[in-house]
Amino acid sequence: MNPLLSQLQPYPFERLRQLFAGVTPSPQHSAISLGMGEPRHATPRFIQDSLAANLAGLASYPSTAGEPRLREACAAWLQRRYRIAVDAGTQVLPINGSREALFAFAQTVVDPTQAAATVVCPNPFYQIYEGAALLAGATPHYAPSDPARNYAVDWDSVPEAVWQRTQLLFVCSPGNPTGAVMPLAEWEKLFALSDRHGFVIASDECYSEIYFRDEQPLGGLEAAARLGRSDYRNLIAFTSLSKRSNVPGLRSGFVAGDAALIKAFLLYRTYHGSAMGPAVQAASIAAWGDETHVEENRALYRAKFARVTPLLAEVMDVRLPDAGFYLWAGLPGQLAMSDADFARELLAQYNVTVLPGSYLAREAGGANPGARRVRMALVAEADECEEAARRIVQFIQSRS
Ligand SMILES: Cc1ncc(COP(=O)(O)O)c(C=O)c1O
C-alpha cells in the first residue's frame, strides 16, 4: 500500500457520522440538514434536455482536452464574467468537477524530491487541499483566517522559511466555509510572494456565482489581468458548474490560466484518464452559455439568507457572508460547550444537522480556528432553512 494513504484524515462527514452514532434525533421534529454543502435547487430543464439529446456521443472516446467548442464556451464565459482574454486552445481545460482537478493538480505540480516540499492552504479549508498535498508527498502548512478581518486569511502568519519551500498555494475565494472574497490587494500580495518564491497558485472559485452584494466576486485571473499579469503566470483558476447551475451530479467544470501549467496538467490528465464524456460536454456548453438560470439561482439563495441570517444573528456571532452558501457562525460566549457537543445536542433535541467548525480546520499555532464555530449550508428549501434557524434559536436560548 502507498504509505501516504495512512496520513489522510477522516473526511468531516465521516467524523460527523461517528459523532452522531448512538444519538436519537428528536422524534417530535422533522429532520433538517444544514450539514452537507450539496446544492439542492432543481437542475434547469434545458441542461437535462441537452444531456439527453447528446447521448449519441457515448459511442466514442472523448479527448482529454475536450471539444474545442467546450473550451471556447468556457473562454467566452470568462470574457463575459471577468472581462478577460483567455486563449481557448492553450489556457483552458475541462475537468470533471473541481474536486478531482484540485487533487490531480497537486500531483502535477508538486516535486516531492525537493526537501520539505510544502503546500500552503487556508485554515479552515476544503479538505481536498490537504489530502492532495499529502498524497503528492508534500507537507501542508495552514494559514488561519482572521474573524476580525472578515475572515481574510492571515498570509503574514506564514514564516518566510515556509514560503521558501512552498511549491503550491491553495486559495479559496469565495471561501468555504467563511464566504470571504479576496480583494485585489490580497491578490497583489500573493502574486508578489509567488514571484519571489516561484510557487504556483491554485485558485478554487466554485462559489463565484452565489453572492449577496451588487459587486461580483473578484476572480483570480481577473485580479491578475488587472495587475498587468495577462499571461497568468503561475496561476490557475478552478471553476465549476456544480453550484452555479445546480448540477453537482454532472461533474463538470474547467481550469484556466498559465498555458505552461495547463500543458503539464493536460499531460498528467492524459495518463490519469480523466476526460469528460461527450454528453456532459454538450450539456456544459449549454450551461455556460446561459446566465438567466444563474440569476434565478442566486435570487433563491439571497432570499434564504435574508430570512435566516437575522434570526441567527440574535443569538450567534454570524453575519451575511460576501458569497457562497454557508453561514459560518460562532457559538455565543455564554454557551459553555464545544462545537461538536453543540452539533450533537442540537441533533438530539431539535433534529437539525450542522457541521462542527473544528472538523473543517486544523489545530495550528496552538489554536483551531474552527473551534466553537459551526457551518450551516443553506441548501435546503427556504421554509426548511428558516424552521432550522428557529429551532437553533430555541436551542441556544434553552441552554443559555
Ligand atoms: C471549496 C470547494 N471546492 C471545490 C468543491 C468541489 O466541487 P465540484 O467538484 O462539484 O466542482 C467544493 C464542493 O463542495 C468546495 O466546497
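Report follows, based on the coordinates. Keep in mind it's a predicted model, so treat the numbers as computed, not measured. (Residues numbered from 1 in each chain as written. Predicted model: local features only at pLDDT ≥ 70, side-chain atom pairs only at ≥ 80, totals over all residues. Heavy atoms only, no water.)

Moving on, we get to the overall build of the chain. Scanning the chain from terminus to terminus reveals 14 helices and 13 strands. Relative to its length of 400 residues, the chain is compact, with a C-alpha radius of gyration of 21 Å against a globular reference of 21 Å. Projected onto the principal axes, the alpha-carbon positions of the chain cover approximately 60 × 55 × 45 Å. Taken across its 400 residues, the chain has 56% of its residues classed as buried. (Helix = DSSP H or I, 4+ residues; strand = E, 2+ residues; numbered from the N terminus. Rg over C-alpha atoms; globule rule 2.2 N^0.38 Å. Buried < 20%, exposed > 50% of the residue type's maximum accessible area, 1.4 Å probe, protein only.)

One pass over the structure, following the stated rule, counts 21 salt bridges. The partner of Glu345 in a salt bridge is Arg399, and the shortest N-O contact between them spans 3.0 Å. Here Glu345, found in helix H13 (residues 339-350), pairs with Arg399, found in helix H14 (residues 382-399); they are 54 residues apart in sequence, far enough to count as distant. Several salt bridges share partner residues, and in doing so they unite Asp195, Arg229, Asp231 and Arg233 into one network. (Salt bridge = Lys/Arg side-chain N within 4 Å of Asp/Glu carboxyl O.)

Moving on, we get to the site of the ligand. Within the structure, the ligand sits among 15 residues, and Ser98, Asp204, Ser240, Ser242 and Lys243 are positioned closest to it. In this structure, an oxygen atom belonging to the ligand sits 2.7 Å away from a side-chain N or O atom of Tyr207. The separation between an oxygen atom of the ligand and a polar side-chain atom of Arg251 is 2.7 Å. When the ligand is considered free in solution it has 400 Å² of accessible area, and contact with the protein chains removes 92% of it. Of all the secondary structure elements, the ones that give two or more residues to the shell around the ligand are helix H4 (98-109) and helix H9 (241-244). (Near = heavy atom within 4 Å. Polar contact = N/O pair within 3.5 Å; in protein donor to acceptor, adjacent residues only side chain to side chain. Areas by Shrake-Rupley, 256 points an atom, 1.4 Å probe, with all protein chains shown as cover.)

Turning to its location among the elements, Glu186 is positioned in helix H7 (residues 184-197). For the buried Glu186, no salt bridge exists, and the shortest N-O distance to an oppositely charged side chain is 5.6 Å, to Arg149. With sequence-adjacent residues up to four places away left out, Glu186 is seen in contact with Ala152, Val153 and Trp155. (Lys, Arg positive; Asp, Glu negative; His and termini not counted. Contact = heavy atoms within 4.5 Å.)

This part covers the sheet that holds strand E4 (residues 139-146). What the eight strands build is an open sheet, ordered E2-E9-E8-E7-E6-E3-E4-E5; its pairing is mixed. What marks the edges here is a single partner per strand, and that holds for strand E2 (92-95) and strand E5 (152-153). Here five bridges tie strand E6 (residues 166-172) to strand E7 (residues 200-204), and the two strands are oriented parallel to one another. From the neighbouring strand, Phe170 faces E7, where its bridge partner is Ala202. Across the sheet, helix H3 (residues 68-82) is in contact with E2, strand E8 (235-240) and strand E9 (253-257); its angle to E2 comes to roughly 110°. Against the sheet, helix H10 (residues 259-272) contacts E2, E7, E8 and E9, and its axis sits at roughly 35° relative to E2. (Pairing = 2+ DSSP bridges. Axes fitted to C-alpha atoms, helices over the stretch in contact; angles between N-to-C directions.)

Membership of the largest hydrophobic core comes to 53 residues, with the highest contact counts inside it found for Leu34, Leu312, Met316, Phe342, Val354, Met376 and Ile392. Every element with two or more residues in this core is listed here: helix H1 (12-20), helix H12 (292-313), strand E10 (326-330), H13, strand E13 (373-377) and H14. Per-element tally for this core: the top contributor is H14, with seven residues. If we skip the residues at most four places from it in the chain, Met316 touches Ala329, Gly330, Leu331, Phe342, Val374, Met376, Ile392 and Ile396. Among the nonpolar cores identified, the runner-up in size contains 46 residues, and Leu70, Val153, Val171 and Leu241 belong to it. (Core = buried A, V, L, I, M, F, W, Y, C linked by side-chain atoms within 4.5 Å.)

Bringing the side chain of Lys243 into the picture now. Take Lys243: it is sitting in helix H9. No salt bridge is formed by the buried Lys243; its nearest oppositely charged neighbour, Asp204, is found at 7.7 Å. With residues up to four places along the chain from it excluded, the contact list for Lys243 reads Gly37, Pro39, Cys206, Tyr207, Ile210, Asn297 and Phe325.

Pairing between sheet strands relies on hydrogen bonds along the backbone, with the strands arranged either parallel or antiparallel. With respect to topology, three strands assemble into an open sheet ordered E10-E13-E12, the strand pairing being antiparallel. A strand with exactly one partner marks an edge of an open sheet, and here the two such strands are E10 and strand E12 (355-356). Two strands pair when backbone bridges link them, and E12 and E13 are joined in this way by two bridges, in the antiparallel orientation. Paired with Pro356 across the two strands is Val374, which belongs to E13.

Here Ala59 is to be found in the loop between helix H2 (45-52) and H3. By relative accessible area, Ala59 is classed as exposed at 73%. Once the C-alpha coordinates of Ala59 and Ser145 are considered, the two residues, 86 residues apart in sequence, prove to be 48 Å apart.

It is the contact of H3 with helix H11 (residues 278-288), at a shortest axis distance of 9 Å, that shows an interaxial angle of 20°. For the element pair H3 / H11, the angle class is roughly parallel. Crossing handedness for the pair H3 and H11: left-handed. Contact residues: H3 offers Arg69, Leu70, Ala73, Cys74, Trp77 and Arg80, while H11 offers Gln281, Ser284, Ile285 and Trp288. The class makeup of the residues in the contact of H3 with H11 is six nonpolar, two polar and two charged. (Parallel < 35°, antiparallel > 145°, perpendicular 65-115°, else oblique. Left-handed = near helix turned anticlockwise from the far one by under 90°. Nonpolar A, V, L, I, M, F, W, Y, C, P; charged D, E, K, R; others polar.)

Moving on, we come to H12. Here H12 spans 31 Å end to end across 22 residues, near enough to the 32 Å set by a 1.5 Å rise per residue. Of all the positions in H12, only His293, Val294, Asn297, Arg298, Tyr301, Lys304, Phe305, Val308, Thr309, Leu311 and Leu312 are classed as buried. (Expected span 1.5 Å × (residues − 1).)

Mapping Pro10 onto the fold places it in the segment before H1. The exposure class assigned to Pro10 is partly exposed, which follows from its relative accessible area of 42%. The spatial distance from the C-alpha of Pro10 to the C-alpha of Pro68 is 39 Å, given a sequence separation of 58 residues. Discounting chain neighbours no more than four positions away, the residues touching Pro10 are Arg15 and Gln127.

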